[in-house]
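# A closer look at the structure
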Amino acid sequence: MTHKPVIAIDGPAGAGKGTLARRLAEHFGLPHLDTGLLYRAVGLKAERTGRSPVEIAGCLDPSDLADPDLRTDVAGQAASKVAAIPEVRATLLDFQRKFAAQATGAVLDGRDVGTVICPHAPVKLFVTASAEARAERRYRELRAKGVDTIKPRVLAEMAERDRRDSERAAAPLKAAPDAYHLDTSDMDADAAFAAALAFMESKGFRFSGP
Ligand code: DC
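Residue positions are counted from 1 within each chain, in the order its sequence is given. Where local features are concerned, this predicted model is filtered to residues with pLDDT of at least 70; where side-chain atom pairs are given and counted, the filter is 80 or more; whole-chain, interface and lining totals use all residues. Excluding hydrogens and water, the side-chain values take into account all heavy atoms of the structure.

We now examine the overall build of the protein chain. A tally of regular secondary structure across the protein chain gives nine helices and five strands. Starting at the N terminus and ending at the C terminus, the protein chain contains elements arranged as β-α-β-α-α-α-α-β-α-β-α-α-β-α. Taking 17 Å as the expected radius of gyration for a compact globule of 210 residues, we find that the protein chain reaches 17 Å, a close match to that expectation. For the protein chain, the spread of C-alpha atoms along the three principal axes comes to 50 × 35 × 30 Å. Relative accessible area decides the class of each residue, using a 1.4 Å probe on protein chains only: under 20% of the type maximum gives buried, over 50% gives exposed, and in between gives partly exposed. The burial tally for the protein chain puts 47% of its 210 residues in the buried class. Within the protein chain, contacts between residues separated by at least 24 positions form 77% of all contacts whose residues are at least 6 apart in sequence. Each accessible area is a Shrake-Rupley estimate made with a 1.4 Å probe; only the visible protein chains count as cover when residues are assessed. Carbon together with sulfur atoms contributes 56% to the accessible area of the protein chain, which is approximately 10,300 Å² in total. By definition, any uninterrupted DSSP run of H or I lasting at least four residues is a helix, any uninterrupted run of E lasting at least two residues is a strand, and each is numbered from the N terminus. Throughout, radius of gyration means the C-alpha value; the globule benchmark is 2.2 Å times the number of residues raised to the power 0.38. What makes two residues a contact is simply this: any of their non-hydrogen atoms within 4.5 Å.

All right, on to helix 7 (residues 131-144) then. The α-helix advances 3.6 residues per turn, and as a result positions three or four apart in sequence lie on the same side. Over its 14 residues, helix 7 extends 20 Å from the first C-alpha to the last, a length consistent with the 20 Å expected when each residue adds 1.5 Å. Contacts from the buried residues of helix 7 go to helix 4 (73-82) and helix 8 (151-167). Following helix 7 by one or two positions, G146 adopts a phi angle in the positive range, close to 85°. Every helix has an expected span of 1.5 Å times one less than the residues it contains.

Our focus in this paragraph is the site of the ligand. Near the ligand, the surroundings consist of 15 residues, among which R40, R89, R111, R161 and D165 are the closest. Between the ligand and R111, the relevant distance is 2.8 Å, taken from an oxygen atom to a side-chain nitrogen or oxygen of the residue. Residues adjacent in sequence count toward polar contacts only when both atoms are side-chain atoms; beyond that, a polar contact is any pair of N or O atoms within 3.5 Å, and within protein one must be able to donate a hydrogen and the other to accept it. In the environment of the ligand, a nitrogen atom lies 2.9 Å from a nitrogen or oxygen atom belonging to the side chain of D112. Protein chains bury 96% of the 450 Å² of accessible surface belonging to the ligand in isolation. We call a residue near a molecule or strand as soon as one heavy atom of that residue lies within 4 Å of the molecule or strand.

This brings us to the packing of helix 1 (residues 17-28) against helix 9 (residues 189-202). For every element, the axis is a line fit to its C-alpha atoms; helices are fit only across the contacting stretch, and the angle between N-to-C directions ranges from 0 to 180 degrees. Taken N-terminus to C-terminus, the directions of helix 1 and helix 9 make an angle of 55°; their axes are 10 Å apart at the nearest point. Between helix 1 and helix 9, the crossing angle belongs to the class labelled oblique. Helix 9 is crossed by helix 1, and the crossing has right-handed handedness. Together, T19, L20, R23, L24, H27 and F28 of helix 1 and A189, D190, A192, F193, A196, L197 and M200 of helix 9 make up the contact between the two elements. An angle below 35 degrees is read as roughly parallel, one above 145 as roughly antiparallel, one from 65 to 115 as roughly perpendicular, and any other as oblique. Crossing handedness is read from the near helix: turned anticlockwise from the far helix by less than a right angle, it gives a left-handed crossing, and turned clockwise, a right-handed one.

To continue, consider the sheet that holds strand 4 (residues 123-128). The five strands are arranged 2-3-1-4-5 in an open sheet whose pairing can be described as parallel. Both outer strands of the open sheet, strand 2 (32-34) and strand 5 (180-183), are each paired with one neighbouring strand and no more. Neighbour to neighbour, the strand axes of the sheet diverge by 20° on average, direction disregarded. The pairing of strand 1 (residues 6-10) with strand 3 (residues 106-110) spans five bridges and is classified as parallel. The partner of V6 across the bridge, within strand 3, is A106. Here helix 5 (residues 86-101) sits on the sheet and contacts strand 1, strand 2 and strand 3; the angle it forms with strand 3, its principal contact strand, is near 145°. Only strands joined by at least two bridges in the DSSP assignment are considered to pair.

Turning next to the nonpolar core. With 21 residues, the main nonpolar core has I7, I9, L20, L24, V123, L125 and M200 as its most contacted residues. Taken together, the elements giving at least two residues each to this core come down to strand 1, helix 1, strand 4 and helix 9. Buried Ala, Val, Leu, Ile, Met, Phe, Trp, Tyr and Cys residues that are joined via side-chain atoms within 4.5 Å together make up what is termed a nonpolar core.

The subject of this paragraph is the packing of aromatic side chains. What characterises a pair of aromatic rings is the spacing of the ring centres plus the angle enclosed by the ring planes. Note on aromatic contacts: the rings of Phe and Tyr and the six-membered ring of Trp form a pair at centre separations within 6.5 Å, being stacked when their planes are under 30 degrees apart, edge-to-face when over 60 apart, and tilted otherwise. In the structure shown here, the tally under the stated rule is two aromatic pairs. When the centroid spacing of 4.0 Å and the interplanar angle of 5° are considered together, the rings of Y180 and F199 count as stacked. Of this pair, Y180 sits in strand 5 while F199 sits in helix 9, placing them 19 residues apart in sequence. Residue Y180 is classed as partly exposed on the basis of its relative accessible area of 29%. Exposure remark for F199: the relative accessible area of 11% places this residue in the buried category.

What follows is the structure, encoded as structure tokens:
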């Protein structure tokens with residue numbers, strides 16, 4: 001069966017969805033949108049300027065998305081807070097839907113891609129891993145960047161973000177009913193990529209790659 005190639009990937013922080021999304025996008029020659037970056041840009045700018053997150057979401061600039069500080073945990077927490085505001089989500093929705101609707105198809109990753117942004121995507125993956133595995137990965141990443149932190153702190157911050165993202169009323173983090181669940185606790189990036197491809201193959205998805 002041939003489908004318009006839209007791949008929706010959701011899951012909590014540190015589960016490996018970003019890496020998987022990039023790998024799949026590269027494999028199939030599709031554009032990729034990390035939707036979390038939009039929320040990070042709004043959250044960080046709101047914290048820095050004190051302006052309304054809704055107003056910021058309405059006039060995001062490409063330079064806002066290139067800020068190297070977007071990858072920090074401070075930006076992640078700020079993103080998670082503004083992401084609970086329904087008007088912020090509504091303002092960012094249109095851009096994400098248009099990205100998904102482009103003729104080439106697309107890969108999008110986030111928290112509500114399969115449930116809200118692209119509910120009709122032919123491929124939906126829900127990528128999870130145990131809280132310990134996710135915190136361990138994040139801890140190693142931070143240490144490699146020279147950030148001085150301890151594992152219990154990384155775990156606690158991750159748990160706080162998971163709780164906020166899952167319990168909010170507006171588009172909470174959850175799997176679409178037809179999503180394929182991929183637990184990456186005991187997988188590296190290659191194994192997760194192979195498992196996602198095997199799932200797509202088993203379902204007969206045929207995307208014309210490069
Ligand atoms: O994927 P990430 O860690 O970059 O996302 C940062 C925060 O943005 C996350 O904690 C919740 C929010 N987010 C969201 O609510 N919906 C999305 N589609 C993507 C991210």
